[in-house]
Amino acid sequence: MESQNKAVNTPSPARGRKKLIGSVIALAVMGALGGLAWYLTHPAAGAAGAGQQAGGPGGPGGPGGGGRRGGPATTVGVATAEKADVPVVLDALGTVTPAATTTVRPQVTGILQKLLFKEGQMVKAGQVLAQIDASQFEMALLQASGQRQRDEAQLDNARLTLERYRTLLGQDSIARQDVDTQAALVKQLQGTVMTDKASEGTARLNLGYTKVVAPISGRVGLRVVDVGNLVSSGDAAGIAVITQLSPIDVEFAVPQDQAPEVQASANAGANLVAVAFDRTRSNELERGRFAALDNQVDTQTGTVKAKARFGNEKSALFPSQFVNLRLELRTIKDAVLVPVTALRHGSSGDYVYVLNSDKTVTLRPVTRGQATVDKVEVRTGLKAGEQVITEGADRLKDGAKVTLPGDKGERGAGRRGAAGADAAASGERRHRRDGAASAAAEAAGAAPAASAAAEGAASGEHKRRKPAAEGAAQ
């Protein structure tokens, strides 16, 4: 019995081998599944290798591989350098100021009877704008005239008396003192008549001032007084305000560094053209001429005030309006111009890409000059007639191959080559993915079979050992 119990409690060697074989198969299946998962989640490795063999992206030229020699060519835009005259201009923000502004005030005090203008009307110098009650001024003129006539009559009588006295003095019939007294009276009356004439003139002027006239030509503003009001020369608002619109000025600021050039051009007699644009710089409002430059620099802004004058026949400029002013200082003759997009800036300075006859580009250092809205002057490094790259230059380097938008054959061949490389890489990926999947399937199918075989072997061994153990126990 003791030996039988020992035989039953002894662990079976077949069961250990079964566990070992199952562990090995499970590890193999897990390794195959892990490898398949890694391949499916990292498809870029194969694509990168295929792309490098086909000359695809990844070169120093950026996307498309146009930056490397021998890679696919990059499609670019080109323009031809041309010669043209470039104006040197000064751009500034200006304020429209009228050449003259006048507040029309009456020169005499009286009741306003009539207003002979409409608000916003264009008037001319000397035109009657208002009428003041002239009754009292007419009476004052009559009084002054009567006083003058009375004093003139007295003067005439004194002169006749003086002539008689002089005749009697010649006959020695009158004293000389009487003659001298009469002569002094004549002079006194002459002064009185002169004063009367001045008073009469003043009364006549006051009567004329009852008609309020426009001192300058321009546009009348809004009415500030109504008929029936008592007006006088002390009224601050007056009767109306007239603003001269033609000609009209634009005041602007010139940087102190450019003030000497502007002053030199003005002193040399140059007719500097000034152009006024609206606030969007899209519409030209008026053309005029440079008028004057101030005599000192504003210490707060570092600029000098200047003025340009415009005819403003179409009334395009309005007082106190903000405009963009362009002052043409001089003109550069036969300058080499390229589009602004062709000029690039690097660590060593400005440069352009010049298109060669073999459809390659050359990096050319240049010197920048004056610029306009869409063109820039190239002072050195480029000749008129050479073609420069305007679009796609960020994917290029010196010596890179390029294609132009009209080169259909080369662009199609490049696309077909790239498509073939992509197809080869895709096929390779599919082949590897299918192979890995098959291997995983085979490993997964082999695992149950191996497990079954191990179980059968262990069962046979157990059956063979069972009779032997029973005989030994007996």
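Cut-offs applied
- Residues numbered from 1 in each chain as written.
- Predicted model: local features only at pLDDT ≥ 70, side-chain atom pairs only at ≥ 80, totals over all residues.
- Heavy atoms only, no water.
- Helix = DSSP H or I, 4+ residues; strand = E, 2+ residues; numbered from the N terminus.
- Buried < 20%, exposed > 50% of the residue type's maximum accessible area, 1.4 Å probe, protein only.
- Contact = heavy atoms within 4.5 Å.
- Areas by Shrake-Rupley, 256 points an atom, 1.4 Å probe, with all protein chains shown as cover.
- Core = buried A, V, L, I, M, F, W, Y, C linked by side-chain atoms within 4.5 Å.
- Polar contact = N/O pair within 3.5 Å; in protein donor to acceptor, adjacent residues only side chain to side chain.
- Pairing = 2+ DSSP bridges.
- Salt bridge = Lys/Arg side-chain N within 4 Å of Asp/Glu carboxyl O.
- Phe/Tyr/Trp six-rings, centres within 6.5 Å; stacked < 30°, edge-to-face > 60°.
- Axes fitted to C-alpha atoms, helices over the stretch in contact; angles between N-to-C directions.
- Parallel < 35°, antiparallel > 145°, perpendicular 65-115°, else oblique.
- Left-handed = near helix turned anticlockwise from the far one by under 90°.
- Nonpolar A, V, L, I, M, F, W, Y, C, P; charged D, E, K, R; others polar.
- Expected span 1.5 Å × (residues − 1).
- Arc of directions from axis to C-beta.

Draft legend 1. View of the overall build of the protein chain. In terms of helices and strands, the protein chain carries 7 helices and 23 strands. Looking at the protein chain residue by residue over its 474 residues, the buried ones come to 31%. Taking contacts inside the protein chain between residues at least 6 apart in sequence as the whole, the part at least 24 apart equals 75%. Carbon and sulfur atoms make up 52% of the accessible area of the protein chain, which totals about 28,500 Å².

Draft legend 2. Local environment of the nonpolar core. Residues Phe252, Val262, Phe310, Leu317 and Leu327 are the most contacted members of the largest nonpolar core, which totals 23 residues. Mapped by element, the contributors of at least two residues to this core are β3 (82-98), β12 (248-255), α6 (259-267), β13 (273-277), β15 (303-310) and β16 (322-339). Listed in part, the 18 residues of the second largest apolar core include Leu112, Ala214, Val220 and Ile239.

Draft legend 3. Representation of the side chain of Thr303 in the model. Tracing the backbone through its elements, the reader meets Thr303 in strand β15. For Thr303, the side chain forms a polar contact with the side chain of Thr301, separated by 2.7 Å. Not counting residues up to four positions away in its chain, the partners in contact with Thr303 are Ala253, Val254, Pro255, Gln256, Gln296, Val297 and Asp298.

Draft legend 4. Looking closely at the sheet that holds strand β9 (residues 218-220). Strands sit in the order β4-β11-β9-β6 across an open sheet of 4 strands; the sheet is antiparallel. A strand with exactly one partner marks an edge of an open sheet, and here the two such strands are β4 (101-104) and β6 (122-123). Relative to strand β11 (residues 240-243), β4 runs antiparallel, the two being bridged by 4 bridges. Directly across from Thr103, in β11, lies its bridge partner Val241.

Draft legend 5. How the structure looks around the pattern of salt bridges. What the rule picks out here adds up to 16 salt bridges. For Glu200, the salt bridge goes to Arg204, with nearest N and O atoms at 3.3 Å. Of the two residues, Glu200 and Arg204 both sit in helix α5 (residues 176-209), 4 residues apart, roughly one turn of that helix. Since its relative accessible area comes to 8%, Glu200 is described here as buried. Taking the shortest distance from any N to any O, the salt bridge between Arg309 and Asp249 comes out at 2.6 Å. Here Arg309 is found in strand β15, whereas its partner Asp249 is found in strand β12, with 60 residues between them in sequence. Overall, the relative accessible area of 40% leaves Arg309 in the partly exposed class. A residue is classified by how much of its surface remains accessible, and Asp249, at 2% relative accessible area, is buried.

Draft legend 6. Representation of the packing of aromatic side chains. All chains considered together, the criterion is met by 1 aromatic pair. Judged by centre distance (5.7 Å) and plane angle (85 degrees), the ring pair of Tyr351 and Tyr353 falls under edge-to-face. By relative accessible area, which is 16% here, Tyr351 ends up buried.

Draft legend 7. Fine view of the packing of helix α4 (residues 135-170) against α5. Contact geometry of α4 with α5 gives a least axis separation of 8 Å together with a crossing angle of 165 degrees. Put simply, α4 runs roughly antiparallel to α5. As α4 packs across α5, the resulting crossing turns out to be left-handed. When grouped by side-chain class, the residues that make up the contact of α4 with α5 number 17 nonpolar, 9 polar and 12 charged.

Draft legend 8. Just unusual backbone geometry, in detail. Following Ser246, the chain continues to Pro247 via a peptide bond in cis, the omega torsion being -5 degrees. Within the fold, Pro247 resides in the loop between β11 and β12. The phi angle at Arg281 is positive, at roughly 60 degrees, despite the residue not being glycine. In this fold, Arg281 is placed in the loop between β13 and β14 (284-293). With relative accessibility at 39%, the residue Arg281 sits in the partly exposed group.

Draft legend 9. Just the sheet that holds strand β7 (residues 128-132), in detail. Across the sheet, 4 strands lie side by side as β8-β7-β5-β10; this open sheet has antiparallel pairing. One side of each edge strand has no neighbouring strand; the edge strands of this open sheet are β8 (211-213) and β10 (230-231).

Draft legend 10. Region of the structure containing the environment of Glu286. In this fold, Glu286 is placed in strand β14. In this structure Glu286 comes out as buried when scored by relative accessible area, which is 11%. For Glu286 and Leu325, which are 39 residues apart along the polypeptide, the C-alpha to C-alpha distance reads 9.9 Å. Beyond its immediate sequence surroundings of up to four residues, Glu286 is in contact with Ala274, Val275, Ala276, Phe310, Gly311, Asn312, Glu313, Ala316 and Leu317. For Glu286, the side chain forms a polar contact with the main-chain nitrogen of Asn312, separated by 3.3 Å.

Draft legend 11. Quick peek at α4. With 36 residues, α4 extends 53 Å from end C-alpha to end C-alpha; this agrees with the ideal 52 Å at 1.5 Å per step. Three or more residues of α4 are buried, namely Phe137, Leu141, Ala144, Ser145, Arg148, Asp151, Leu155, Ala158, Thr161 and Leu162. Among the structural elements, α5 are those in contact with the buried residues of α4. Trailing α4 by a residue or two, Asp172 shows a phi angle of about 60 degrees, which is positive.

Draft legend 12. Focus on α6. Buried within α6 we find Ala259, Val262 and Ser265. All buried residues of α6 lie within an arc of 135 degrees about the axis, which places them on one face of the element. Looking at α6, the residues exposed on the side facing more than 90 degrees away from the buried face are Pro260 and Asn267. Along its buried surface, α6 packs onto β3, β12, β14, β15 and β16.

Draft legend 13. How the structure looks around the pairing of strand β2 (residues 77-80). With burial as the criterion, only one face of β2 is covered, namely that bearing Gly77 and Ala79; the residues Val78 and Thr80 on the opposite face remain uncovered. Both β2 and strand β22 (residues 387-391) contribute to a ladder of 4 bridges, which runs antiparallel. Considered in β22, the bridge of Thr80 is made with Gln387.

The quantities given are spatial measurements derived from coordinates; they are silent on function.
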